[in-house]
Structures are given as C-alpha cells and as structure tokens.
Amino acid sequence: MNNPADTTPPRRAIDIVNASLKRRYARERRFRWLGATAVTLGMVFVVLLFADIILKGYTAFQQTYIQLPIELAAATIDPDGARDPATLARADYMKLIREALREQFPEVKDRRDRRLLNSMISVGAPDLLRERVMADPALIGTTQELWILADDDIDMLVKGYIDRNAPASDRRVGDQMIAWVDRLEAEGRVAKRFNTIFFTHGTSREPELAGIAGALMGSFYTLVLTFLLSFPIGVGAALYLEEFAPKNRWTDLIEVNVNNLAAVPSIVFGLLGLAVFIGFFGVPRSTPLVAALVMTLMTLPTIIIASRVALKSVPPSIREAALGVGASPLQTQFHHVLPLALPGILTGSIIGMARALGETAPLLMIGMIAFIVDIPKGFNDAATVLPVQIFLWADSPERGFVERTSAAILVLLAFLFVMNLAAVLLRRRFERRW
Amino acid sequence: MNKTLIAAAVTLAATTLSTQAMARDTINIVGSSTVFPFSTAVAETFGRAGNFKTPKVESTGTGGGMKLFCGGVGVDHPDITNASRAMKASEFEACQEAGVKEITEVKIGYDGIAIANSKTAGAWDLTLKDIYLALAKDVPDGKGGFMANPYQTWKDVNADLPEVKIEVLGPPPTSGTRDAFVELAMEGGCDSIPEIKELKKTDKDKHKAVCHGIREDGAYIEAGENDNLIVQKLVANPGALGIFGYSFLDQNADKVQGARIAGVEPTYDSISDGSYPVSRSIYFYVKKAHVGTIPGIEEFVTEFTSDKAWGPEGYLADKGLIALPDDERAAAAEAAQSLKPMDKPAK
C-alpha cells in the first residue's frame, strides 16, 4: 500500500484546469460558431424573404398606360353646353377612348377584332377620364394627348409576365394583341408610369384599378382606436395593480389571468367579439370600431405586462423622495413614476399595436374579410385592414394580383417599420438612466 | 387625461349603438368564397354606375352566410347570401322561424373543379375511380373488406397510368372546393365500384366514411386555401397534380393543364353542358323583405342577371363563371328580377 514506487505526485488544481482547458475552449468556440451560424441563417432567410417580396412586388408600383390623342368632343360630353356637372358625369367617356384607339388602328374593321382592341383599355379608364374632365371643363372641345389606363393583361404583357413564346392558345394575350401592343410601343405610346391608383384607390376586382388606400385607412382607424382604448385602460390597470392594489389572493388571481390572457390564441378574441360586441351590444359588423374593440382585448395583456415591468424598473428612491417632500401617492405616480416609466410603457404598447396591425384571425369572425371598395371615412364605415387585403388578393385568380399582393406586403412592412421607428425614437427621447 | 379618453371612448361606443338603429344605404352580401369573385365583380360594376353605393361583400363560406342570412329581418342582417350549393331544407326552416319568409333563389351558373398539372409534363387522363383509389383513406381490399390505401404510384391504381408517385395538392377541409371535390369526384369514383355502391343501401354511414375519407399519409397534400400557391407548386413539381377551381385553370392556362376526367377535358363548354363530371351549381339568395328598405337590391339583382354580366360573353365569364344554357338563363333572369319566392327545398 505505502510502496513509494507507485505513488504518483498529488494532482494539483492547475493540472485539472490544464487538462480540461483545451476542451473548454473548444466548447466555447463551438458555441460561438453555432450562434454565428444561427444568426447568419436567420439573416439569410430574412434577406431571401425580402428579396422575393421586393422582386415580385416592385413592378406593382408601376402601371402601364397607353397614350392616345383623345378628342373631347363637346357633342358627346356636354351636348347642351351648360357645363352641368350631372351631364358631364353621365357622358360616355368610354366611347371617346374607343374612338381614339380605333383611329390608331384604322385597318381593324371586323366587329370581333374591334372588341379585342377595346379590351386593351381598362374598364376603369372612363372614370379616370371623367374625373379629369370634371376637374377641368375647359378641356371640352379640345383634343388632348392623354395617358389612358391599360387593361391588366396588357400590363402583364408589357411587364414581361406573359411568356410570348408559349403557344397562342395558352396565353391570356393573343398574337394579334401582342402585335398591336408592339406597334404602340414602337410609336412610344406605351409607358409604365408611377402607379398612383395603387395608393389612392380602394380595392377592385380589376388588378389595374386595385388600390391599397381603403385597407390602409381601415388599418389606420383600427389602430388609432385600439390605441386610444387600450393604452389608458392598460396603463391604468398596470399602475393600480403595481402601485396601489393590496397584495392578496384576488390580485394574485388577476395577475395570473392577465398573464394567461397574453397567451390566448387571437381567434378566441374574435369569437368573443362576435358574441359580445356584435351579438350583445349590436356594434355593426366589418367596422374599424368592432375591430378595435377586439384588438383592444387582445393587446391589453401585452400592455399591462409591459407597463408593470416598466413601473417596476423605476427605482424606489424616486417614490420615497417624492413622498418625502410631501407629494400625495397619486401625485407621486403621475408626476414622477409614470413619466420615468413611459419609455418602457410606450415600447410595450407599440409592440402590442404592431401585433394588432398584422392580425387577421380574430377579424375573420367579425366580418372584416370583405370586399369593400369605398375608402372608409370614419370608425363606423365598413372597412378592411392590410393583412386581410393581402389575404384576399393572394386568393384572386388574376395574375396582376400576384405583384399587387407583394406590393401590399411591402406597404404593410413599411407601416410596421414606421411604427417601430416611432417606438425607438420615443424611447430615445424619454429614456433616463440611473 | 386618461379619464377624458375613457369618457370619449364610451361616448363613441354609445353613438355607435344609436346609429345602428338607423337605416343602412349599402347592400350587405355574405356567403360562399367560391361565389365571392363573381359577386364582387358585379358589386363593383354596380357601384361604378354611380346610382347606388358599392355593396359590401363578405366571404364567410356558404354555411356561415346562410346562418347570418337567416338571422332575421332588419338592417343588422344581410340582404343577400351567396352559396356554392343549394339551400338546405333545414336552413330554409331556420329562415322561416326567424321571420325571413320570402326568399328568392337565383342559380347563377356552374363552377368546375379542375385537376391539373404542369404544362411541362404530359396531360393526364383519369377516371373518377382512379381519383378515388388514389386519394381515399381506405380502399376495398378485394375480399369484401377495407384496407388502408396501399397505392404509392398511379400505376398501382390503374395499369394504364404512368409510374409516377401519387402527389396531389388540394384544398384543406375548411374549403368549399374540398367539399365539392369530395362530393363529386370522390363519391362519384366510389360509387363506380359495385361493392361500395351496395354498401350505400345497407350502411349509409359506413358508405359516407369510406367515400369521403381522404388519405393522410402524405399523398394528398393540403396546400391551404390559396389556389395561386397550388399553381406555383405545380410548376415547380411537374409530377404533382393540383385541385382548384376552373377560374384558376383559365387564368393560368400557359402554366398548367387540366386533366381529362372520364375522357372529358375541363373547358368552358364541357362544364356548361354538364359533360364534365366535377362541376357544381352556384347560387345566391335574396331576402325579399329588404327590398324597398335597403336601396338598390332590385337593381343589383337586375345587374347580376343581365346578359352583360352572367351571359357567356359577359364580364363574369372573364372571371371564370360558366354561364347557364341560354333558355335556362332567360327563365332564371325573369324569375330573379320578379323576385319570385322559392319553395321549401326537398332536402
């Protein structure tokens, strides 16, 4: 046992460290490498997603127009010469456009061919022309070189989304039409111009007339109202629970429930909204008002939790100092604690709002999945919101909607970006460090 | 500050409740997502004419639409519901009970369901039986019983078909297209097998379970409600087949081709004359009690049933609607425009 020959020198702590050192360094390197890979992978997917959406969507910001010399004949537009708006509104503007188009192609005589020729022009073109003439009645009686909105098939052809080499029977656009478009293009009468319609019109079944303005305004009204409702209620609740409420079984129960509510799937709030707000209170379906009420329920837990965390992070010394110089508890909260907690509260609220902006599931139940052409003018008008509009366009068969769907996603992302930017700026503006 | 905001919100909610009782000046339409593209096209054209406001069209699904429609009479309830199947007797009764007495049924036309693949591969020629055997959850084992679907390639199903892995992209169970596909294609194929047809007489529930069950082992891929996505996936995968409405086939004829079913190609004409087997009728229903209260209902029905809309050359045909035959269409238009109330459906 005590044979000195096989006594190994006692292991020192440094030996143990040295033995495992290499392995521990390797482990750290592996972890760092894994982390870097995860981040890179995530970034690659984000870049791929954005590249795909932008590549598909950017063409929707341009729209094909055909330039035609249009004779705004007084005989057609305003036969009695009174410039009465009602008469101007009733006039057959399509006829004027078709006549101008026919002059470009005098050889087209056959009725079928003429119909085909007419189909190059969007069904919405006369309305745009009417708006123009009604805004400036002095144009009547003159001939103007005007840019006329082209049909979505022509738009797709000009943008290169239609394969010219495919057999004619498989194309939405026939050989003859391609020849006509090519001729107009050679004459410089076809151009892609900035798509103002996309930003000024409501939705439409015709891709070239479909705009995002209706959904954008719907989202705007919904969010404004959601904020007005959920921010005061949420912050008030957080302030009471955190600073005033006695700690007992009831407040514990409430706290657990608030935390649970934050994890409830959003469709449940939709069902609740349908049963309570629409069924019981009779709030009209498909309005920003009912959407905002549902979204308020959905964002309240997020705001309450974020606000409580923000209130907790205000150092107790602030409260003690305020109370020490004679402020009432209410004054302490509103004059000192709340302003200091505001950056955190605002960030939490805006994250909640961003979630509400992208939400569709609860809206399904309250009639927001709807086709609404008119741009909503208030909280009580029928409206839809951006994500729903994207969903509806993605499901439309016309090919022109593919690029418009991507463009609408870009608009939604821009909206989100602006909101997040606001959160960051507000944070910077109010942030205090202790 | 918080108090005033809350007060403002409460006042706002209160005003809403009071405005609710006021008259409504836009037509409210609910119902099937299949009829949605046609209904919205008419609504938009109707609104563009400028005499009335553009109707609001909600996509709630046929069943959901019926429920809202039969909720009662008054401005809170919709005026028109779209349906991708005829109203059921039970729904008609629910309507009657809620005081919705007079309902006008308008058959709009047909909607075909295409089974298509990428143009880069050869065209398919299937029978309903092939479709059933390829996609059913349980198939007859030849000994009078049933077994879990063992078929992996189309050749296993039918020796005349190519040896290609069975891979079909289709709508999920929530979709009306799926319901129609199951009812028309699966059940049709099911009944072409004599022993299953016998089952219908003896054990109806078993028959339904056998005919309506779609396999869940990966051969049938639920591709979501988005038919555009199915088209994209078909282009990327030439071996796969996809199931979607005829309008998507029509719009994407340069990318995908429809399979012949029982020897019939899905074309406008074959669906219109009823020879293409996987097609169904689509409808809308008008609440007569609202005519005169809500402005424009009669005019909307007239617009919908005018030849420039639902005729074979009309703008709905451009959207993929298959028009009714001429004589039937004329009769339907007259009945619709006179708002003739329907009788209780047989089933």
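Chain B goes by PstS family phosphate ABC transporter substrate-binding protein in an unreviewed UniProt entry, where it is assigned to Allochromatium humboldtianum.

In the nomenclature of an unreviewed UniProt entry, chain A corresponds to Phosphate transport system permease protein PstA from the organism Allochromatium humboldtianum. For chain A, the Sequence similarities (unreviewed entry) comment in UniProt is given as "Belongs to the binding-protein-dependent transport system permease family. CysTW subfamily."

Once that is clear, we can look at the packing of helix 10 (residues 213–244) of chain A against helix 15 (residues 329–357) of chain A. All names here are of chain A. The geometry of helix 10 relative to helix 15 is characterised by a closest axis approach of 9 Å and an angle of 135° between their N-to-C directions. Taken together, helix 10 and helix 15 sit at an angle that is classed as oblique. For the element pair helix 10 and helix 15, the recorded crossing hand is right-handed. Counted together, Ser-219, Leu-223, Thr-226, Phe-227, Phe-231, Val-235, Leu-239 and Glu-243 of helix 10 and Gln-333, Leu-338, Ile-345, Ser-349, Met-353, Ala-356 and Leu-357 of helix 15 form the full contact between these two elements. Residues that form the contact of helix 10 with helix 15 fall into these classes: 10 nonpolar, 4 polar and 1 charged.

The subject of this paragraph is the domain arrangement of chain A. Residue and element names in this part refer to chain A. Under the domain assignment, chain A is made up of domain 1 (4–58), domain 2 (62–208) and domain 3 (213–430). A C-alpha centroid distance of 39 Å is found between domain 1 and domain 3. Counting from both sides, the interface comprises 4 residues of domain 1 and, opposite them, 6 residues of domain 3.

Residue and element names in this part refer to chain B. Considered domain by domain, chain B is made up of domain 1 (24–110 + 280–337) and domain 2 (112–279). Computed from C-alpha atoms alone, the centre-to-centre distance between domain 1 and domain 2 is 30 Å. Facing 14 residues of domain 1, the contacting portion of domain 2 comprises 13 residues.

This part takes up the UniProt feature "domain: ABC transmembrane type-1" (unreviewed entry) in chain A. Within this structure's numbering, the places UniProt gives as "domain: ABC transmembrane type-1" (unreviewed entry) are residues 216–423 of chain A. From the first C-alpha to the last, residues 216–423 of chain A spans 20 Å; its make-up is 76% helix and 1% strand.

The rules behind these values
Residues numbered from 1 in each chain as written. Chains lettered and ligands numbered in written order. Predicted model: local features only at pLDDT ≥ 70, side-chain atom pairs only at ≥ 80, totals over all residues. UniProt positions renumbered as here; feature names shortened; annotations may be inferred. Axes fitted to C-alpha atoms, helices over the stretch in contact; angles between N-to-C directions. Helix = DSSP H or I, 4+ residues; strand = E, 2+ residues; numbered from the N terminus. Parallel < 35°, antiparallel > 145°, perpendicular 65-115°, else oblique. Left-handed = near helix turned anticlockwise from the far one by under 90°. Contact = placed C-beta atoms within 7 Å. Nonpolar A, V, L, I, M, F, W, Y, C, P; charged D, E, K, R; others polar. Domains from an automatic or database assignment.

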